[in-house]
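Breakdown of the fold
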Amino acid sequence: VTITTRQLVSHLSGIRHYEKDITKVKEEKEKANRALKLAKSHQDKEQKAKEGKGLENTDCIKQKKEHGSETKSRNSKPGRNDKEFEQEEYYLKEKFESVIESLKIFKNDPLFFKPGSQFLYSTYGFTLLSAVVERASGQKFTDYMLKMFRDLDMLSTVLDDNEAMIYNRARCYIYNKKGRLVNAPYVDNSYKWAGGGFLSSVGDLLKFGNALLYSYQAGQFKNKNDKLLPGYLKPSTVAMMWTPVPKTEVSWDRDGKYAMAWAVVEKNQQYGCCRQQRHYASHTGGAVGASSVLLILPEELDPEAVGAWPVAPPRGVIVTIICNMQSVSLNSTALKIAREFDKEKRAQ
């Protein structure tokens, strides 16, 4: 078969994740789909009931129920019931010298489906993607990425190398089977640099978010006297990265679709004075003993007035959270924070 880099970056390649049993994967997907349909049906019934009563409100109607994963996270201690972290491959201790070498973990395993036909989040898909980057650039993947981080002024973003002395490296924690807080076990992430092998800080992730948002919006501003520098990426490239891809899904926000290495929720409002969806892009991160999120909420720019605005991009709200605790759902919290700051900016 042929697997494209676009399929890899959107998790449509058919390459497995940590679970090797395709039957279990299908069962989990079917269970998730049933839960999603049930939640949507309940939401539609609530909406019809409100319409039937002629409910009016000057503000948008607030959703009563959060997404299933978020609710579960709040009602139980982090890490207690997360089945994904029961997979043995999360706890590999073998050190791989190159991303090409780490392909041996899954290269002989069958594909779970025909590439392009279904969505399956796959860390190993990104391991293969890192090998593509290495061959295309002619540089070692880790060297290539560290140079890129330097260009972005992300000087605190480094490889999660156990042997290296890394200042301010945080300890990571998990809950054990008895529900007690303990140190996370030792792991070596050299088998998945691209999918979960870097350490960073909230400051660096904010720089990364600003660079992307600047690149996304730079083309919409008139470049007066060439004072506006070009973005790190072309506006069209970021727009493509933040365009939902068909057949994809997002576990941390059922309103979203997966794009290219980002989850995206598009702007949408079906009813007046009711729930609104703002356009935003985000991605969560989960590792042994750690959780994170980076969320970008672009400001809605007026195309007619944008050229006259004195304030250059980036314009919007960026939220990033990193915590040294396993299996903490953070996207909902980040979105609430972003909306509060956005509301404050609009009121000014």
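Residues numbered from 1 in each chain as written. Predicted model: local features only at pLDDT ≥ 70, side-chain atom pairs only at ≥ 80, totals over all residues. Heavy atoms only, no water.

In this structure the tally under the stated criterion is 11 aromatic pairs. Between the aromatic rings of F106 and Y124, the centroid separation amounts to 5.0 Å while the plane-to-plane angle is 20°, which identifies the pairing as stacked. Separated by 18 residues along the polypeptide, F106 in the loop between α4 (99-102) and α5 (123-137) and Y124 in helix α5 bring together distant segments of the chain. When its relative accessible area of 0% is taken as the criterion, Y124 is described as buried. (Phe/Tyr/Trp six-rings, centres within 6.5 Å; stacked < 30°, edge-to-face > 60°. Helix = DSSP H or I, 4+ residues; strand = E, 2+ residues; numbered from the N terminus. Buried < 20%, exposed > 50% of the residue type's maximum accessible area, 1.4 Å probe, protein only.)

By the element assignment, S122 lies in the loop between α4 and α5. Relative accessible area serves as the criterion here: at 1%, S122 is assigned to the buried category. Within polar-contact distance, the side chain of S122 engages the backbone nitrogen of Y124 at 3.4 Å. Not counting the four nearest positions on each side in its chain, S122 is found in contact with H11, I15, R16 and H17. (Polar contact = N/O pair within 3.5 Å; in protein donor to acceptor, adjacent residues only side chain to side chain. Contact = heavy atoms within 4.5 Å.)

Here the focus is empty space enclosed by the protein. With the rule as written, the count across this model stands at 2 cavities of 30 Å³ or more. Size it by volume and the largest cavity reaches roughly 60 Å³. If you trace the largest cavity, you find it lined by I22, V25, K26, K29, F112, F113, Q118 and L120. The computed volume of the second largest cavity comes to approximately 30 Å³. Around the second largest cavity, the lining residues are V250, W252, D253, G256, K257, A263, V264, V265, Y280 and S282. Elements that contribute at least two residues to the lining of the second largest cavity include exactly β6 (263-265) and β7 (280-287). Of the residues forming the lining of the second largest cavity, the biggest block, 3 residues, is contributed by β6. A class-by-class count of the residues in the lining of the second largest cavity yields 6 nonpolar, 2 polar and 2 charged. (1 Å grid on protein atoms, 1.4 Å probe; cavity = no way out; pocket = protein on both sides within 12 Å on 5 of 7 lines; lining within 4 Å. Points joined across faces, edges and corners; volume = space filled by probe spheres on them. Nonpolar A, V, L, I, M, F, W, Y, C, P; charged D, E, K, R; others polar.)

Attention now moves to the confidence of the model for the protein. Residue-level pLDDT values for the protein average 86, and 84% of them are 70 or greater. Within the protein, helix α1 (residues 5-9) carries the highest mean pLDDT (98), whereas helix α3 (residues 68-75) carries the lowest (40). The low-confidence segment residues 54-81 (pLDDT under 50) makes 48 contacts with residues lying over four places distant or belonging to another chain. (pLDDT = per-residue confidence, 0-100.)

With that settled, the discussion passes to the sheet that holds strand β9 (residues 316-323). Spatially, the 5 strands line up as an open sheet ordered β5-β6-β7-β8-β9, and their pairing is antiparallel. Strand pairing shows two members of the sheet lacking a second neighbour, β5 (257-258) and β9, which therefore form its edges. Relative to β9, strand β8 (residues 290-298) is paired through 8 bridges, and the arrangement is antiparallel. Across the sheet, P298 pairs through a bridge with G316, a residue of β9. Where helix α8 (residues 202-218) meets the sheet, its contacts fall on β8 and β9, and the angle it forms with β9 comes to roughly 150°. Contacts between helix α10 (residues 331-347) and the sheet are confined to β7, β8 and β9, with β9 contributing the most and set at about 150° to the helix. (Pairing = 2+ DSSP bridges. Axes fitted to C-alpha atoms, helices over the stretch in contact; angles between N-to-C directions.)

We now examine the pattern of salt bridges. The full count for this structure, using the stated rule, is 15 salt bridges. E300 is the salt-bridge partner of R278, the closest N and O atoms lying 3.3 Å from each other. Of this pair, R278 sits in the loop between β6 and β7 while E300 sits in the loop between β8 and β9, and the two are 22 residues apart along the sequence. Under the relative-accessibility criterion, R278 is labelled buried at 11%. A salt bridge links D342 to R278; the shortest N-O distance between them is 2.6 Å. In this pair, D342 is assigned in helix α10 and R278 in the loop between β6 and β7, connecting sequence segments 64 residues apart. Residue D342 is classed as buried on the basis of its relative accessible area of 10%. Salt bridges here are not isolated pairs; linked through shared partners, they connect R16, K20, E89 and D109. (Salt bridge = Lys/Arg side-chain N within 4 Å of Asp/Glu carboxyl O.)

As paired elements, β6 and β7 share 3 bridges and run antiparallel to each other. Paired with V264 across the strands is A281, a residue of β7. Summarising the sheet, β7 and β8 pair through 7 bridges and their orientation is antiparallel. Across the sheet, the residue bridging to H283 is L294, located in β8. Linking two consecutive strands that pair antiparallel, namely β7 and β8, is a turn of 2 residues; a positive phi of about 85° is found at G289 within it.

We now examine the environment of A184. By the secondary structure assignment, A184 is in the loop between β3 (181-183) and α7 (193-196). In sequence terms A184 and R171 are 13 residues apart; their C-alpha atoms lie 8.0 Å from each other.

Attention now moves to α10. An α-helix turns once per 3.6 residues; consequently, residues spaced three or four apart project the same way. The terminal C-alpha atoms of α10 lie 24 Å apart, and with 17 residues this matches the ideal 24 Å at 1.5 Å per residue to within 8%. Taken together, the buried positions of α10 are N331, S332, A334, L335, A338 and D342. Buried residues of α10 fall within an arc of 150° about the axis and therefore sit on the same side. Facing away from the buried side of α10, by more than 90 degrees, are the exposed residues F341, K343, E344 and A347. (Expected span 1.5 Å × (residues − 1). Arc of directions from axis to C-beta.)

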